[in-house]
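Observations on the three-dimensional arrangement
Single-letter residue listing:
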Amino acid sequence: MSRKREIIIIGSGLGGLCCGAILAKYGYDVLVCESHNLAGGCAHGFRYKGFKFDSGPSLYSGLSYSPSSNPLRQVLDLVGEDIEWKNYDNWGCWLPEGYFDIAVGADNFHNLLLQLRGEEAGRQWRKLQEVMKPLGEASMAIPVQAFRYDLGAVFTLFPHFSSMIPYLFSAKKLTGNFGAIMDEVVEDEFIRNWLDLLCFMLSGLPAHGTSAAEMAFMFAEWYRPDVTLDYPVGGSEAIVDALIRGLKKNGGELILSSHVAEIIIENNQAKGVRLSNDEEIKATKAVISNASIWDTLALIPEGMLDSEYRSKSEKTPINPSFMHLHLGIDGKDIPNDLPCHHMIVNDWQRGVTAPQNVIAVSIPSLLDSSLAPPGKHSIHVYTPATEPYELWADLNPNSPEYQEMKEMRSQPMWEALARFIPDIKERCEVKLVGTPLTHERFLRRYRGTYGAAWKAGESLFAPATTPVKNLYCCGDSTFPGIGVPAVAASGIMTANTVANIFQQWKFWH
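Now for a description of the structure that goes with this document.

Definitions and limits used
- Residues numbered from 1 in each chain as written.
- Predicted model: local features only at pLDDT ≥ 70, side-chain atom pairs only at ≥ 80, totals over all residues.
- Heavy atoms only, no water.
- 1 Å grid on protein atoms, 1.4 Å probe; cavity = no way out; pocket = protein on both sides within 12 Å on 5 of 7 lines; lining within 4 Å.
- Points joined across faces, edges and corners; volume = space filled by probe spheres on them.
- Helix = DSSP H or I, 4+ residues; strand = E, 2+ residues; numbered from the N terminus.
- Nonpolar A, V, L, I, M, F, W, Y, C, P; charged D, E, K, R; others polar.
- Phe/Tyr/Trp six-rings, centres within 6.5 Å; stacked < 30°, edge-to-face > 60°.
- Buried < 20%, exposed > 50% of the residue type's maximum accessible area, 1.4 Å probe, protein only.

1. Describing the layout of surface pockets
In this model, the second largest pocket occupies a volume close to 610 Å³. F46, V433, G434, T438 and F442 are the residues nearest the centre of the second largest pocket, which is lined by 20 residues in total. Residue assignment for the lining of the second largest pocket shows that the elements contributing at least two residues are β3 (45–48), β14 (321–330), α14 (400–409), β18 (428–434) and α17 (436–442). Looking at the lining of the second largest pocket element by element, the count peaks at five residues for α17. Class assignment of the residues belonging to the lining of the second largest pocket gives a composition of 10 nonpolar, eight polar and two charged.

This is the structure:
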């Protein structure tokens, strides 16, 4: 059995869905193949015993208004889809210095610094904001929708060069790591620790490994007047559903439980895919992999890929994995004004990348009561990209040893949550513990990884193009990297590269 489409996308993560929705809008016949029975990749949502959970990202900004600098918002606007949003402006931070209710906005963190660290720390923060302002403006001077990875970029970028001229000096700094900028301005130890934490939550790396461009975007978004954070009603699944609607309304198709076993390559040209049930689907225009670089390589038969490219790609540095708790609890007497997100740091000296040292908590049912039964709450706790896969690699998920390891490695998450819900275990009605093996199995992520760990200033994430004709990549293994805005941007740039410049101009200008 064989069928034919113009474009086949492997994986329905946010990058793949953005790419597919755009290409369908451009008029292409698009098919997205997803291994899981749920769409969304790392951002999918799932239901269990009446509770609804996010599997991954839950902290969003720049999505509830338009026009926005957030590439995901730009894709939603392009395909004419929206979501109902709940807005809030604060999150709880449990740091070695104490508990702080930290709000986004131009002045809030500065005011906290004045109380906690004094005038000099406040001055350093203001100086950093001053330095980051032109970098933020530079990062937005050329819109992401103007980029592509071929010679057509000369024409699509040229109209924007004049707007970039005032920021040429700043643009050079954007290509380096944020740590270098921090070193020039900030000496206060608390601010430096805080910036390491922000960088780590964005990229999986501390300040000296995180792109200055990524932090410039964050500063421009979070530290401006009247800013709010956004949460989608219905959870992250609502974002996935909106992108699927955008795909389908323009003729695209998504097939679930359809695992791609191989990318078919003939004469150094991608010709389609072979599913695990041996069905072949031909691609007349392009095959685009939204899988990680390691998982993409596994789909390409030996000898069908340039050996130098394969060798370099296989050496991509890898981020660790996650531990997760998904909990359904009795919400009696939990205050409605409790922040829906919390960050716990146990010890600055260990560093933000140390295993089990940083723990994130999301209680989105405080904002959206539809995520839990009446009087209940759904909670997601995780160790963000610090869990070593090696601890789990040889364990059988059906073994008592695996269950014991889950119990032991999840304890720091319970302890973090008990800081503000002391009787959490007594309240618990649903408990799901996720491990690197869970990530590996359900998300088909190599070693359950968060993604590539390229350090800014030392190397760049790979482009969308490959040595194989008509084979492209998008998602968090490609430029600009990890995070929701970044993968949405990768979807835009990959779609533009596959399309011609006239389609790109028609819909983005």
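2. Observations concerning empty space enclosed by the protein
Here the idea is plain: a probe the size of a water molecule rolls over the atoms and shows the empty space left. Throughout the structure, instances matching the rule amount to one cavity of 30 Å³ or more. In this model, the largest cavity occupies a volume close to 30 Å³. Forming the walls of the largest cavity are I293, T296, L297, I300, L305, Y309, T466, L471 and C473. When residues of the lining of the largest cavity are traced back to their parent elements, those giving at least two are α12 (293–298) and β19 (471–473). At three residues, the largest contribution of residues to the lining of the largest cavity is made by α12. Looking at the lining of the largest cavity, its residues break down into seven nonpolar, two polar and no charged.

3. Comments concerning the packing of aromatic side chains
Each aromatic ring pair is characterised by the separation of its centres together with the angle its planes make. Scanning all chains against the criterion turns up 20 aromatic pairs. On the basis of an interplanar angle of 75° and a centroid distance of 5.4 Å, the ring pair of F322 and Y450 is categorised as edge-to-face. Residue F322 is found in strand β14, and its partner Y450 is found in the loop between α17 and β19; the two are separated by 128 residues along the sequence. One exposure class covers both F322 and Y450, and it is buried. These aromatic residues form a ring-pair network of at least three members: W91, F100, F109, W125, F178, F190, W194, F219, W222 and Y223.

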